[in-house]
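Coordinates in review
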Amino acid sequence: MVSKDFEQVYNEYKQQGEDQARSEAGAPVRTDQEQIIAVRKNEDGDIIAFKTESGRELDYISALEEAKAGKLAHVDVFHKYGRDILRSEPDGVKENNLDNLETF
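I will try to describe carefully the structure that is included in this document. From a predicted model like this one, the values you see are computed outputs, not experimental measurements. (Residues numbered from 1 in each chain as written. Predicted model: local features only at pLDDT ≥ 70, side-chain atom pairs only at ≥ 80, totals over all residues. Heavy atoms only, no water.)

What follows concerns the nonpolar core. Formed by 13 residues in total, the largest nonpolar core has its most connected members in Ile 36, Phe 50, Leu 72, Val 75, Leu 86 and Leu 98. Secondary structure elements with two or more residues in this core: β1 (36–41), β2 (47–52) and α2 (60–68). Phe 50 has contacts with Ile 36, Ala 38, Val 39, Arg 56, Glu 57, Leu 58, Asp 59, Tyr 60, Ala 63, Leu 86, Leu 98 and Phe 104, leaving out every residue within four places of it along the chain. (Core = buried A, V, L, I, M, F, W, Y, C linked by side-chain atoms within 4.5 Å. Buried < 20%, exposed > 50% of the residue type's maximum accessible area, 1.4 Å probe, protein only. Helix = DSSP H or I, 4+ residues; strand = E, 2+ residues; numbered from the N terminus. Contact = heavy atoms within 4.5 Å.)

Right, let's get into the pairing of strand β5 (residues 83–88). Here strand β4 (residues 75–80) pairs with β5 via six bridges, running antiparallel. Bridging across to β5, Phe 78 finds its partner in Ile 85. Turn length for the β4-β5 hairpin, with the two strands adjacent in sequence and antiparallel, is two residues, and the turn residue Tyr 81 shows positive phi of about 60 degrees. (Pairing = 2+ DSSP bridges.)

As a further point, take the environment of Ala 67. Tracing the sequence through the fold places Ala 67 in helix α2. Relative accessible area serves as the criterion here: at 14%, Ala 67 is assigned to the buried category. Each C-alpha atom, one on Ala 67 and one on Asp 5, is 42 Å from the other, the two residues being 62 residues apart in sequence. The residues touching Ala 67, leaving out its near neighbours within four places in the chain, are Leu 72, Val 75, Val 77 and Leu 86.

Right, let's get into the side chain of Gln 33. Positionally, Gln 33 belongs in the loop between α1 (6–25) and β1. Relative accessible area serves as the criterion here: at 17%, Gln 33 is assigned to the buried category. From its side chain, Gln 33 meets the backbone oxygen of Gly 70 in a polar contact 3.1 Å long. With near-sequence residues (within four places) excluded, Gln 33 lies in contact with Glu 53, Gly 70, Lys 71, Leu 72 and Ala 73. (Polar contact = N/O pair within 3.5 Å; in protein donor to acceptor, adjacent residues only side chain to side chain.)

Written out as structure tokens, the structure is:
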């Protein structure tokens, strides 16, 4: 029986995913979509508003509606805790996570 280095195989798999995610993150955004470049947080650290690359400031509900309509790039809407939640696409790039963006 051949011995496998499971850790090495997993690390190679993980690195390929990270490389692909960085490649896709650098891909051009559709012209009908805007990127979120900054967030506003409340005293508890919850994101309560978003700023787009054109300078528009969106409250949470407006951003959810735009994301559902496909107008915001690199975000997903999912349902949890009985409500819709906006989050970054799970692309493996920590720098572009909503929680890691600059604040305004």
